[in-house]
Amino acid sequence: MTKAVLINAGRLDFDGKLDFSRLDEACGAPVTRHDDHTPSPETIAAYAVGHATLVTKEVPVDVKALPDSVRLICEAGTGFNNINLEDARARGITVCNVPAYSTDAVAQLVMTHVLNFSASVHLQQRRTARGDRSLFHGEPSEPSKSAFEAFGEVPHFELAGKTIGLVGGTGAIGARTAEMARAFGMDVLVWSRSARDCARGRWRAARDLRHLLRESDFVSVHCPLTDDTRGLIDAKALGAMKPSAFLINTARGALVNEADLVDALRAETIAGAGLDVTDPEPPESGSPLYDMENVVLTPHIGWKRLETRQRLMDAVAANVEAFLAGKPANVVS
(Lines give C-alpha, C1' and ligand atoms only; values in the text may rest on other atoms or scores of the structure.)
Protein backbone atom coordinates (compact mmCIF):
# COMPACT_ATOMS: atom_id res chain seq x y z
CA MET A 1 0.00 0.00 0.00
CA THR A 2 1.25 3.50 -0.81
CA LYS A 3 -0.26 6.89 -0.25
CA ALA A 4 -0.40 8.72 -3.57
CA VAL A 5 -1.43 12.23 -4.58
CA LEU A 6 -2.41 13.53 -7.99
CA ILE A 7 -1.43 17.15 -7.68
CA ASN A 8 -3.24 18.61 -10.72
CA ALA A 9 -6.15 16.34 -11.48
CA GLY A 10 -8.05 19.29 -12.95
CA ARG A 11 -5.67 19.35 -15.90
CA LEU A 12 -6.31 15.67 -16.59
CA ASP A 13 -9.95 15.25 -15.61
CA PHE A 14 -11.29 18.60 -16.80
CA ASP A 15 -14.55 16.98 -17.95
CA GLY A 16 -15.02 14.70 -14.93
CA LYS A 17 -15.10 11.60 -17.13
CA LEU A 18 -11.92 9.80 -16.10
CA ASP A 19 -12.02 6.54 -14.17
CA PHE A 20 -9.30 6.47 -11.47
CA SER A 21 -10.25 3.05 -10.08
CA ARG A 22 -7.20 1.25 -11.45
CA LEU A 23 -4.86 3.85 -9.95
CA ASP A 24 -6.67 3.60 -6.61
CA GLU A 25 -6.33 -0.19 -6.75
CA ALA A 26 -2.63 0.01 -7.62
CA CYS A 27 -2.01 2.24 -4.62
CA GLY A 28 -4.12 0.13 -2.30
CA ALA A 29 -6.17 3.16 -1.27
CA PRO A 30 -8.02 6.04 -2.94
CA VAL A 31 -5.57 8.51 -4.43
CA THR A 32 -5.74 12.05 -3.07
CA ARG A 33 -6.69 14.32 -5.96
CA HIS A 34 -6.37 18.09 -6.19
CA ASP A 35 -8.26 19.94 -8.90
CA ASP A 36 -5.55 22.50 -9.65
CA HIS A 37 -4.40 22.90 -13.24
CA THR A 38 -1.02 24.53 -12.63
CA PRO A 39 -0.12 24.49 -8.91
CA SER A 40 3.05 26.27 -7.86
CA PRO A 41 6.13 24.29 -6.75
CA GLU A 42 5.40 25.40 -3.19
CA THR A 43 1.83 24.11 -3.40
CA ILE A 44 3.03 20.82 -4.89
CA ALA A 45 5.46 20.35 -1.99
CA ALA A 46 2.61 20.98 0.47
CA TYR A 47 0.32 18.52 -1.33
CA ALA A 48 3.06 15.87 -1.21
CA VAL A 49 3.38 15.79 2.58
CA GLY A 50 2.71 12.27 3.84
CA HIS A 51 2.58 10.76 0.36
CA ALA A 52 5.01 8.28 -1.18
CA THR A 53 3.90 8.71 -4.79
CA LEU A 54 3.46 12.01 -6.60
CA VAL A 55 1.55 12.05 -9.90
CA THR A 56 2.04 15.18 -11.99
CA LYS A 57 1.04 16.49 -15.40
CA GLU A 58 3.32 19.03 -17.10
CA VAL A 59 3.95 21.35 -14.16
CA PRO A 60 7.37 22.34 -12.74
CA VAL A 61 8.29 20.34 -9.66
CA ASP A 62 10.91 21.58 -7.19
CA VAL A 63 12.30 18.19 -6.24
CA LYS A 64 14.54 19.66 -3.54
CA ALA A 65 11.46 21.04 -1.74
CA LEU A 66 9.54 17.73 -1.66
CA PRO A 67 9.05 16.01 1.71
CA ASP A 68 11.09 12.92 2.58
CA SER A 69 8.00 10.74 2.17
CA VAL A 70 8.14 10.96 -1.64
CA ARG A 71 9.82 7.93 -3.25
CA LEU A 72 8.22 7.98 -6.71
CA ILE A 73 7.24 10.73 -9.15
CA CYS A 74 5.00 9.59 -12.01
CA GLU A 75 4.85 12.12 -14.81
CA ALA A 76 1.50 11.58 -16.50
CA GLY A 77 2.86 12.13 -19.97
CA THR A 78 5.84 11.62 -22.24
CA GLY A 79 7.88 14.78 -21.58
CA PHE A 80 9.62 15.12 -18.23
CA ASN A 81 11.60 18.35 -18.66
CA ASN A 82 9.51 19.78 -15.78
CA ILE A 83 11.37 17.56 -13.29
CA ASN A 84 15.06 17.95 -12.42
CA LEU A 85 16.34 14.39 -12.74
CA GLU A 86 19.68 15.10 -11.09
CA ASP A 87 17.89 16.38 -7.99
CA ALA A 88 15.67 13.28 -8.02
CA ARG A 89 18.65 10.94 -8.24
CA ALA A 90 20.40 12.81 -5.42
CA ARG A 91 17.36 12.24 -3.19
CA GLY A 92 16.79 8.65 -4.23
CA ILE A 93 13.45 9.45 -5.88
CA THR A 94 12.49 7.37 -8.90
CA VAL A 95 10.95 9.29 -11.82
CA CYS A 96 8.96 7.53 -14.51
CA ASN A 97 6.90 8.68 -17.45
CA VAL A 98 4.34 7.27 -19.89
CA PRO A 99 6.03 7.16 -23.29
CA ALA A 100 3.41 5.97 -25.76
CA TYR A 101 -0.10 6.73 -24.53
CA SER A 102 -0.93 9.47 -27.08
CA THR A 103 0.67 8.04 -30.22
CA ASP A 104 -2.45 7.83 -32.37
CA ALA A 105 -4.03 11.00 -30.99
CA VAL A 106 -1.02 13.23 -31.68
CA ALA A 107 -0.33 11.68 -35.07
CA GLN A 108 -3.97 12.29 -36.01
CA LEU A 109 -3.62 15.93 -34.93
CA VAL A 110 -0.54 16.35 -37.11
CA MET A 111 -2.47 15.03 -40.08
CA THR A 112 -5.45 17.23 -39.18
CA HIS A 113 -3.18 20.26 -39.56
CA VAL A 114 -1.78 18.88 -42.81
CA LEU A 115 -5.27 18.34 -44.26
CA ASN A 116 -6.43 21.74 -43.03
CA PHE A 117 -3.57 23.57 -44.72
CA SER A 118 -3.87 21.57 -47.94
CA ALA A 119 -7.43 22.86 -48.41
CA SER A 120 -6.97 26.27 -46.69
CA VAL A 121 -9.84 25.43 -44.35
CA HIS A 122 -8.44 27.90 -41.81
CA LEU A 123 -8.51 30.79 -44.28
CA GLN A 124 -12.01 29.98 -45.49
CA GLN A 125 -13.33 29.80 -41.92
CA ARG A 126 -11.68 33.08 -40.93
CA ARG A 127 -13.21 34.83 -43.95
CA THR A 128 -16.64 33.40 -43.29
CA ALA A 129 -16.48 34.30 -39.59
CA ARG A 130 -15.84 37.96 -40.40
CA GLY A 131 -18.71 38.06 -42.88
CA ASP A 132 -16.65 37.70 -46.06
CA ARG A 133 -18.56 35.31 -48.30
CA SER A 134 -16.62 36.00 -51.47
CA LEU A 135 -15.47 32.41 -51.69
CA PHE A 136 -19.12 31.38 -52.05
CA HIS A 137 -20.63 34.24 -54.04
CA GLY A 138 -17.79 36.26 -55.53
CA GLU A 139 -16.65 39.70 -54.43
CA PRO A 140 -19.44 42.32 -54.16
CA SER A 141 -17.35 44.62 -56.34
CA GLU A 142 -17.12 41.91 -58.97
CA PRO A 143 -20.59 40.36 -59.23
CA SER A 144 -19.61 38.33 -62.27
CA LYS A 145 -16.94 36.49 -60.31
CA SER A 146 -18.03 32.90 -59.68
CA ALA A 147 -17.44 30.94 -56.51
CA PHE A 148 -14.98 28.77 -58.40
CA GLU A 149 -12.90 31.76 -59.46
CA ALA A 150 -12.97 33.15 -55.92
CA PHE A 151 -11.87 29.80 -54.54
CA GLY A 152 -8.64 30.21 -56.45
CA GLU A 153 -7.69 33.00 -54.05
CA VAL A 154 -6.69 30.48 -51.37
CA PRO A 155 -4.20 27.62 -51.76
CA HIS A 156 -5.58 24.13 -52.21
CA PHE A 157 -3.68 21.07 -53.32
CA GLU A 158 -3.58 17.28 -53.10
CA LEU A 159 -1.24 15.56 -50.65
CA ALA A 160 -0.07 12.74 -52.91
CA GLY A 161 3.51 13.43 -53.94
CA LYS A 162 4.04 16.12 -51.28
CA THR A 163 6.81 15.67 -48.71
CA ILE A 164 6.38 15.77 -44.94
CA GLY A 165 9.58 16.17 -42.97
CA LEU A 166 9.61 14.79 -39.43
CA VAL A 167 12.15 16.45 -37.16
CA GLY A 168 13.17 13.84 -34.59
CA GLY A 169 10.42 11.63 -35.95
CA THR A 170 11.85 8.17 -35.30
CA GLY A 171 9.83 7.60 -32.12
CA ALA A 172 6.36 6.12 -31.77
CA ILE A 173 4.44 9.29 -32.70
CA GLY A 174 6.71 10.08 -35.62
CA ALA A 175 6.47 6.53 -36.93
CA ARG A 176 2.65 6.62 -36.69
CA THR A 177 2.57 10.01 -38.40
CA ALA A 178 4.76 8.61 -41.17
CA GLU A 179 2.37 5.69 -41.61
CA MET A 180 -0.65 8.00 -41.87
CA ALA A 181 1.14 10.36 -44.26
CA ARG A 182 2.15 7.50 -46.53
CA ALA A 183 -1.52 6.42 -46.66
CA PHE A 184 -2.20 9.78 -48.31
CA GLY A 185 0.56 9.13 -50.84
CA MET A 186 3.03 11.50 -49.19
CA ASP A 187 6.79 11.11 -49.22
CA VAL A 188 8.22 10.98 -45.68
CA LEU A 189 11.61 12.43 -44.83
CA VAL A 190 13.07 12.03 -41.32
CA TRP A 191 15.95 13.70 -39.51
CA SER A 192 16.94 12.71 -36.00
CA ARG A 193 20.02 13.24 -33.85
CA SER A 194 19.68 9.59 -32.88
CA ALA A 195 18.52 8.22 -36.20
CA ARG A 196 17.25 4.65 -36.13
CA ASP A 197 16.86 2.15 -38.89
CA CYS A 198 14.82 3.62 -41.74
CA ALA A 199 14.27 0.25 -43.39
CA ARG A 200 11.04 -1.29 -44.61
CA GLY A 201 10.26 1.81 -46.64
CA ARG A 202 8.72 3.76 -43.76
CA TRP A 203 10.65 6.92 -44.60
CA ARG A 204 13.76 8.36 -46.19
CA ALA A 205 16.57 9.57 -43.95
CA ALA A 206 17.53 13.21 -44.43
CA ARG A 207 21.24 13.93 -44.71
CA ASP A 208 20.88 16.66 -42.11
CA LEU A 209 18.26 19.06 -40.75
CA ARG A 210 18.79 21.59 -43.52
CA HIS A 211 18.18 18.91 -46.15
CA LEU A 212 14.84 18.07 -44.51
CA LEU A 213 13.80 21.72 -44.20
CA ARG A 214 14.70 22.49 -47.79
CA GLU A 215 12.84 19.52 -49.28
CA SER A 216 9.65 19.41 -47.18
CA ASP A 217 6.21 20.82 -47.94
CA PHE A 218 5.26 20.24 -44.29
CA VAL A 219 7.73 20.21 -41.40
CA SER A 220 6.44 18.46 -38.27
CA VAL A 221 8.42 18.66 -35.02
CA HIS A 222 8.62 15.51 -32.87
CA CYS A 223 11.80 15.69 -30.81
CA PRO A 224 11.95 15.97 -27.01
CA LEU A 225 12.87 19.28 -25.39
CA THR A 226 16.48 19.26 -24.20
CA ASP A 227 19.26 21.81 -23.93
CA ASP A 228 20.35 20.75 -27.41
CA THR A 229 16.92 21.04 -29.03
CA ARG A 230 15.64 24.21 -27.34
CA GLY A 231 15.09 26.80 -30.09
CA LEU A 232 16.06 24.26 -32.75
CA ILE A 233 13.61 25.80 -35.22
CA ASP A 234 14.99 29.33 -35.35
CA ALA A 235 15.39 32.02 -38.00
CA LYS A 236 18.09 30.03 -39.80
CA ALA A 237 15.96 26.88 -39.86
CA LEU A 238 12.83 28.74 -40.96
CA GLY A 239 14.83 30.48 -43.66
CA ALA A 240 15.76 27.09 -45.10
CA MET A 241 12.11 26.12 -45.60
CA LYS A 242 10.16 26.61 -48.81
CA PRO A 243 7.98 29.76 -48.90
CA SER A 244 5.09 27.39 -49.63
CA ALA A 245 5.84 25.10 -46.68
CA PHE A 246 4.01 24.80 -43.35
CA LEU A 247 5.43 24.19 -39.87
CA ILE A 248 3.56 21.92 -37.43
CA ASN A 249 4.53 21.60 -33.77
CA THR A 250 2.78 19.12 -31.49
CA ALA A 251 5.82 18.37 -29.31
CA ARG A 252 7.04 21.22 -27.06
CA GLY A 253 6.67 24.94 -27.65
CA ALA A 254 10.25 25.83 -26.76
CA LEU A 255 11.56 23.74 -29.65
CA VAL A 256 10.58 26.71 -31.83
CA ASN A 257 11.90 30.24 -31.39
CA GLU A 258 8.56 32.04 -31.32
CA ALA A 259 9.90 35.50 -32.20
CA ASP A 260 11.68 34.08 -35.24
CA LEU A 261 8.53 32.18 -36.24
CA VAL A 262 6.40 35.32 -36.03
CA ASP A 263 8.91 37.17 -38.22
CA ALA A 264 8.86 34.37 -40.80
CA LEU A 265 5.05 34.25 -40.84
CA ARG A 266 4.79 38.02 -41.22
CA ALA A 267 7.34 38.05 -44.02
CA GLU A 268 5.63 35.02 -45.58
CA THR A 269 8.94 33.24 -45.89
CA ILE A 270 6.90 30.20 -44.85
CA ALA A 271 3.23 29.66 -45.68
CA GLY A 272 1.86 29.01 -42.21
CA ALA A 273 2.08 27.20 -38.89
CA GLY A 274 -0.09 24.76 -36.96
CA LEU A 275 0.80 24.98 -33.27
CA ASP A 276 -0.59 22.73 -30.56
CA VAL A 277 2.17 23.86 -28.21
CA THR A 278 3.72 27.27 -27.64
CA ASP A 279 6.25 28.94 -25.34
CA PRO A 280 4.86 30.16 -23.04
CA GLU A 281 1.73 28.04 -22.98
CA PRO A 282 -0.78 29.46 -23.56
CA PRO A 283 0.65 32.37 -25.55
CA GLU A 284 0.66 35.69 -23.75
CA SER A 285 -2.51 37.73 -24.21
CA GLY A 286 -0.80 40.13 -26.63
CA SER A 287 0.85 37.44 -28.75
CA PRO A 288 0.51 38.11 -32.49
CA LEU A 289 -0.05 34.37 -33.02
CA TYR A 290 -3.70 34.77 -32.01
CA ASP A 291 -4.52 37.08 -34.91
CA MET A 292 -2.32 35.86 -37.75
CA GLU A 293 -4.30 34.41 -40.64
CA ASN A 294 -1.59 31.91 -41.50
CA VAL A 295 -1.54 30.39 -37.99
CA VAL A 296 -3.78 27.70 -36.52
CA LEU A 297 -3.56 27.47 -32.73
CA THR A 298 -4.92 24.57 -30.71
CA PRO A 299 -4.68 24.55 -26.88
CA HIS A 300 -2.36 21.54 -26.45
CA ILE A 301 -5.14 19.12 -27.32
CA GLY A 302 -2.97 16.33 -28.72
CA TRP A 303 -3.31 14.28 -25.52
CA LYS A 304 -6.75 15.47 -24.41
CA ARG A 305 -9.08 13.02 -26.12
CA LEU A 306 -10.99 11.00 -23.51
CA GLU A 307 -9.67 7.66 -24.71
CA THR A 308 -6.14 9.03 -24.66
CA ARG A 309 -6.42 10.38 -21.12
CA GLN A 310 -7.93 7.15 -19.81
CA ARG A 311 -5.10 5.17 -21.38
CA LEU A 312 -2.70 7.58 -19.71
CA MET A 313 -4.14 7.11 -16.22
CA ASP A 314 -4.20 3.34 -16.61
CA ALA A 315 -0.54 3.46 -17.66
CA VAL A 316 0.31 5.57 -14.61
CA ALA A 317 -1.35 2.88 -12.49
CA ALA A 318 0.80 0.25 -14.22
CA ASN A 319 3.92 2.29 -13.39
CA VAL A 320 2.92 2.40 -9.73
CA GLU A 321 2.26 -1.35 -9.73
CA ALA A 322 5.66 -2.04 -11.26
CA PHE A 323 7.43 0.20 -8.75
CA LEU A 324 5.75 -1.45 -5.78
CA ALA A 325 6.65 -4.87 -7.20
CA GLY A 326 10.31 -3.85 -7.18
CA LYS A 327 10.51 -3.73 -10.98
CA PRO A 328 10.15 -0.01 -11.88
CA ALA A 329 9.03 0.61 -15.47
CA ASN A 330 9.51 3.58 -17.81
CA VAL A 331 12.17 5.02 -15.49
CA VAL A 332 13.75 8.22 -16.82
CA SER A 333 15.82 9.08 -13.73
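Each chain has its residues counted from 1, running along the sequence as written. Only residues with pLDDT of at least 70 are given local features in this predicted model, and only at 80 or more are side-chain atom pairs given and counted; all residues enter the totals for whole chains, interfaces and linings. Side-chain measures here rest on the full set of heavy atoms in the structure, leaving out hydrogens and waters.

A.B. asks: Pulling in residues and values, what's your account of the sheet that holds strand β2 (residues 32-33)?
C.D. replies: What makes two strands pair is DSSP finding at least two bridges between them. By definition, any uninterrupted DSSP run of H or I lasting at least four residues is a helix, any uninterrupted run of E lasting at least two residues is a strand, and each is numbered from the N terminus. What the five strands build is an open sheet, ordered β2-β1-β3-β4-β5; its pairing is parallel. With partners counted over all chains shown, the strands left at the sheet margins are β2 and β5 (94-96), one partner each. The pairing of strand β4 (residues 72-75) with β5 spans three bridges and is parallel. Residue pairing across strands places L72 opposite T94, the latter belonging to β5. Across the sheet, helix α13 (residues 306-324) touches β1 (4-6), β3 (53-56), β4 and β5, and the angle it forms with β4 is around 155°. By the convention used here, residues are in contact when the closest approach between their heavy atoms is within 4.5 Å. Each axis is a line fitted through C-alpha atoms, and for a helix only the stretch in contact is used; angles between axes span 0 to 180 degrees, taken between their N-to-C directions.

A.B. asks: Let's hear about unusual backbone geometry: which residues, and what values?
C.D. replies: Cis rather than trans, the peptide bond between D279 and P280 has omega equal to 5°. One can find P280 in the loop between β11 (272-275) and β12 (295-297). A cis amide bond links E281 to the next residue, P282, at an omega of 0°. Mapped onto the elements, P282 comes out in the loop between β11 and β12. Backbone geometry at S120 places phi at a positive 55°, although glycine is not the residue there. For S120, the position within the fold is in the loop between α5 (103-118) and α6 (121-129). Its relative accessible area of 1% is what places S120 among the buried residues. The backbone phi angle of H300 is positive, close to 50°, even though this residue is not glycine. One can find H300 in the loop between β12 and α13. Residue classification places H300 among the buried residues on the basis of a relative accessible area of 7%. Residue burial is assigned from relative accessible area. The probe radius is 1.4 Å, only protein chains are included, and a residue is buried under 20% of its type maximum, exposed over 50%, and partly exposed in between.

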